[in-house]
Amino acid sequence: QVQLVESGGGLVQAGGSLRLSCAASGSTFRINTMGWYRQAPGKQRELVAAITSGGTTNYADSVKGRFTISRDNAKNTVYLQMNSLKSEDTAVYYCNTVIGIAIKWGQGTQVTVSS
């Protein structure tokens, strides 16, 4: 079993920054790619960024140049540095990984950007 716990959300003004963390525990040796998703009210959950165990990253077009995903494999933690935040970034952010055919999600952390 793998458990994911996010932290670091909060309220920030437009143009500000936040860093989210996601700590994995349990059978972490089975983890390869980890990702951050977000879900705004009334919208579908969408991929924000993902990173493989080797460090290859990909980003949604809407966050390229503003967000950076990174990971510390020794700490089993993935981070999302969010800069130049916009009101449209307001959402619940979820950490994600896939173990075999099972999709694992954290409980989510709220990010609210005030304009």
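Residues numbered from 1 in each chain as written. Predicted model: local features only at pLDDT ≥ 70, side-chain atom pairs only at ≥ 80, totals over all residues. Heavy atoms only, no water.

Peer 1: I'd like to hear about the overall build of the chain, residue by residue, with values.
Peer 2: When helices and strands are tallied, the chain shows zero helices and 11 strands. Along the chain, helices (α) and strands (β) appear in the sequence β-β-β-β-β-β-β-β-β-β-β when read from the amino end. The C-alpha atoms of the chain give a radius of gyration of 13 Å, which matches the 13 Å a tight globule of 115 residues would have. Its C-alpha atoms give the chain principal-axis dimensions of roughly 40 × 25 × 20 Å. Within the chain, buried positions represent 42% of all 115 residues. For the chain, long-range pairs separated by at least 24 residues make up 51% of all intrachain contacts whose partners lie at least 6 apart in sequence. Put simply, the chain shows about 6,000 Å² of open surface, and 48% of that area lies on carbon and sulfur atoms. (Helix = DSSP H or I, 4+ residues; strand = E, 2+ residues; numbered from the N terminus. Rg over C-alpha atoms; globule rule 2.2 N^0.38 Å. Buried < 20%, exposed > 50% of the residue type's maximum accessible area, 1.4 Å probe, protein only. Contact = heavy atoms within 4.5 Å. Areas by Shrake-Rupley, 256 points an atom, 1.4 Å probe, with all protein chains shown as cover.)

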